[in-house]
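One letter stands for each residue in the lines below.
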Amino acid sequence: KLRFSPSFYKTIAKKVEEGDIEFVVQPKSLMKEGVDGGWDFENKFFIFPNTANFSEVYWRAIAVHEATHCYHHLAYPGEYDRPTVECIGYLAEALALRGVKESTISAIDKNSNAIREAAAIVAAGAWRHDGFQMQVAESEANMFKDVVRQDKSIYMQEQRLNLK
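Residues numbered from 1 in each chain as written. Predicted model: local features only at pLDDT ≥ 70, side-chain atom pairs only at ≥ 80, totals over all residues. Heavy atoms only, no water.

Novice: Mind laying out the sheet that holds strand 1 (residues 22-26), listing which residues take part and the relevant values?
Specialist: Spatial ordering of the open sheet is given by 1-3-2, a layout of three strands whose pairing is mixed. Strands with a single pairing partner mark the edges of an open sheet, and in this sheet they are strand 1 and strand 2 (38-40). Ignoring strand direction, the axes of neighbouring strands in this sheet form an average angle of 25 degrees. Of the strand pairs in this sheet, strand 2 and strand 3 (residues 45-49) are connected by three bridges, and their pairing is antiparallel. Counted as the bridge partner of glycine 38 is isoleucine 47 from strand 3. Relative to strand 3, helix 2 (residues 57-75) is tilted by about 165 degrees, and along the sheet it contacts strand 2 and strand 3. (Pairing = 2+ DSSP bridges. Helix = DSSP H or I, 4+ residues; strand = E, 2+ residues; numbered from the N terminus. Axes fitted to C-alpha atoms, helices over the stretch in contact; angles between N-to-C directions. Contact = heavy atoms within 4.5 Å.)

Spelled out as structure tokens, the structure:
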């Protein structure tokens, strides 16, 4: 059973600040269409377009998604298949948005898809604002994995990032 806590984002931020994890910024024109950020699982670095503004909710949600991949990769290397790992990233993104009262990323930006919509449903079912552990119902987790598996391009690294 996977467990994550807010403190792991602090761990990742510290690793970036200390230079243990590289943070690459490149022109948006060099990134593939529909890609706003990434965690490179093979080379272990973040990549974001130079248009990213992390003071905006949208970009913070994308950063949470990618930082979740980073932590998962470092804490549980190779233990879960890529569709499951991608589900975890999208769920973290959706929970981050719920935390600031945004229901989905499409409420902020038109860069939405079926996976983000499914993540919002799962996040709504798991959300607990009382400080206790959130849990995802097995039926919702299975529905979510099915949605992710239908779009292999979402979790195929070589298709997602353009690392010229």
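Novice: So what's going on with helix 4 (residues 114-126)? Which residues, and what values?
Specialist: Look at helix 4: 18 Å from first C-alpha to last across 13 residues, which is about the 18 Å you get at 1.5 Å a residue. On its buried side, helix 4 packs onto helix 2, helix 3 (82-99) and helix 5 (138-149). (Expected span 1.5 Å × (residues − 1).)

Novice: How would you explain the packing of helix 3 against helix 4 if you had to name every residue and give the values?
Specialist: Closest axis-to-axis distance for the helix 3/helix 4 pair is 8 Å, and the angle between their directions is 60 degrees. Judged by the sense of rotation from one axis to the other, the crossing of helix 3 with helix 4 is right-handed. Of helix 4, the residues touching helix 3 (which contributes Tyr90, Leu91, Glu93, Ala94, Leu95 and Arg98) are Ile115, Arg116, Ala119, Ala120, Val122, Ala123 and Ala124. Taken together, the residues of the contact of helix 3 with helix 4 sort by class into ten nonpolar, no polar and three charged. (Left-handed = near helix turned anticlockwise from the far one by under 90°. Nonpolar A, V, L, I, M, F, W, Y, C, P; charged D, E, K, R; others polar.)

Novice: Can you explain the nonpolar core? Please cite residues and give values.
Specialist: Counting residues in hydrophobic clusters, the biggest one holds 13 residues, and the most contacted among them are Ile12, Ile21, Trp39, Phe46 and Cys70. Contributing elements (two or more residues each) for this core: strand 3 and helix 2. The leading source of residues in this core is helix 2, at five residues. With twelve residues, the next largest nonpolar core counts Leu91, Ala119, Val147 and Val148 among its residues. (Core = buried A, V, L, I, M, F, W, Y, C linked by side-chain atoms within 4.5 Å. Buried < 20%, exposed > 50% of the residue type's maximum accessible area, 1.4 Å probe, protein only.)

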